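# Residue-level structure breakdown
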Amino acid sequence: IAIEADAGLVDRHAEFVSRAVQGDATDPVVLRAAGVSGADAAVISMGENLAASILATVALRDLGLHNLYVKAAGDAEGRALNALGVTEVIIPEKEAGVRLAHRLGATEVLDYQPLGSEHSIQEIAIPPVWVGRTLRELAPRVQHGVQVIGVRCSLTDAVHVPPDPDAVLKDSDS
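Below, the structure is looked at part by part. (Residues numbered from 1 in each chain as written. Predicted model: local features only at pLDDT ≥ 70, side-chain atom pairs only at ≥ 80, totals over all residues. Heavy atoms only, no water.)

### Observations regarding the environment of Ser117
- Here Ser117 shows up in the loop between strand S6 (109-115) and strand S7 (119-124).
- It is 23 Å that separates the C-alpha atoms of Ser117 and Leu68, two residues lying 49 residues apart in sequence. (Helix = DSSP H or I, 4+ residues; strand = E, 2+ residues; numbered from the N terminus.)

This is the structure we're talking about:
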């Protein structure tokens, strides 16, 4: 269920959701009429409007929803929302910044996704010395402590998960 005040946005996105409603997502009457009390979880994304995020969070809690994922503009807003007991606060700009910092810190890193505080999933360019060799002969887990979970060809965008340990790596792979 998507609830949006702008009728144009409701029309444009209606095909991507099971139900699109024009209305005020902070209004318990609108939320109840939209049927949100039967939902398992809610995502609250009110842009930079912290007050609206708080009002929507409280209204959804009052309707019995407990799995609430809320977008925040920054850490201060996130602390306020966490104080309301939301399931998770998402700060997209911060997450994107962390991912970008990891990519800039190592030019071979094409994409970065943290996995806990000590691990991550990274898409890296195949090191030139790996081209023409196989994962079996390179043994990246033994030699570098790296577990390769997939190989993607940038020319075809084909992804091989799990990777074939005997496939010869190409310079177009990552």
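### As for the sheet that holds strand S4 (residues 68-71)
- The strand order across the open sheet formed by three strands is S3-S4-S5, and the pairing between neighbours is parallel. Each of the sheet's edge strands pairs with one partner strand only, and the pair in question is strand S3 (42-44) and strand S5 (88-90). Each adjacent strand pair in this sheet contributes to an overall mean axis angle of 20°, direction not counted.
- As paired strands, S3 and S4 are joined by three bridges and run parallel to one another. Paired with Ile44 across the two strands is Val70, which belongs to S4. (Pairing = 2+ DSSP bridges. Axes fitted to C-alpha atoms, helices over the stretch in contact; angles between N-to-C directions.)

### Considerations on the pairing of S6
- With six bridges connecting them, S6 and S7 associate as antiparallel partners. Bridge pairing in S7 links Pro114 to Ser120.
- Here S6 folds back onto S7 in antiparallel fashion, the turn holding three residues, of which Gly116 has a positive phi close to 80°.

### Things to note about a nonpolar patch on the surface
- Taken together, the side chains of Leu115, Ile121 and Ile149 define a hydrophobic patch exposed on the protein surface, amounting to about 280 Å² of accessible area.
- Looking at where Ile121 falls in the secondary structure, it is placed in strand S7. (Patch = residues over 30% accessible without salt bridge, like charges linked within 9 Å, V, L, I, M, F, W, Y side chains within 5 Å. Areas by Shrake-Rupley, 256 points an atom, 1.4 Å probe, with all protein chains shown as cover. Salt bridge = Lys/Arg side-chain N within 4 Å of Asp/Glu carboxyl O.)

### Focus: the nonpolar core
- The biggest cluster of nonpolar side chains holds 21 residues, and the ones touching the most others in it are Ile3, Leu31, Val36 and Leu60.
- Those elements that place two or more of their residues in this core are helix H2 (28-34), S3, helix H3 (50-62) and S4.
- For Val36, the contacting residues outside a window of four places in its chain are Ile1, Ile3, Leu31, Leu60, Leu63 and Leu65.
- Core analysis: the next-biggest nonpolar cluster, separate from the first, contains six residues, Ile126, Leu135, Leu138 and Leu169 among them. (Core = buried A, V, L, I, M, F, W, Y, C linked by side-chain atoms within 4.5 Å. Buried < 20%, exposed > 50% of the residue type's maximum accessible area, 1.4 Å probe, protein only. Contact = heavy atoms within 4.5 Å.)

### What about unusual backbone geometry?
- Cis geometry is found at the peptide bond from Val161 to Pro162, where omega equals -10°.
- Following the sequence through the fold, Pro162 ends up in the segment after strand S9 (159-160).
- Despite not being glycine, Ala139 has its phi angle at roughly 45°, a positive value.
- Within the secondary structure, Ala139 sits in the loop between helix H6 (135-138) and helix H7 (140-144).
- What makes Ala139 partly exposed here is its relative accessible area of 23%.

### What to know about the environment of Gly35
- Relative to the elements of secondary structure, Gly35 occurs in the loop between H2 and S3.
- The partly exposed category is assigned to Gly35, whose relative accessible area is 30%.
- Put simply, Gly35 and Arg19 are 16 residues apart on the chain and 9.4 Å apart in space, counted from C-alpha to C-alpha.
- For Gly35, the residues in contact, after removing those within four places along its chain, are Ile1 and Arg19.

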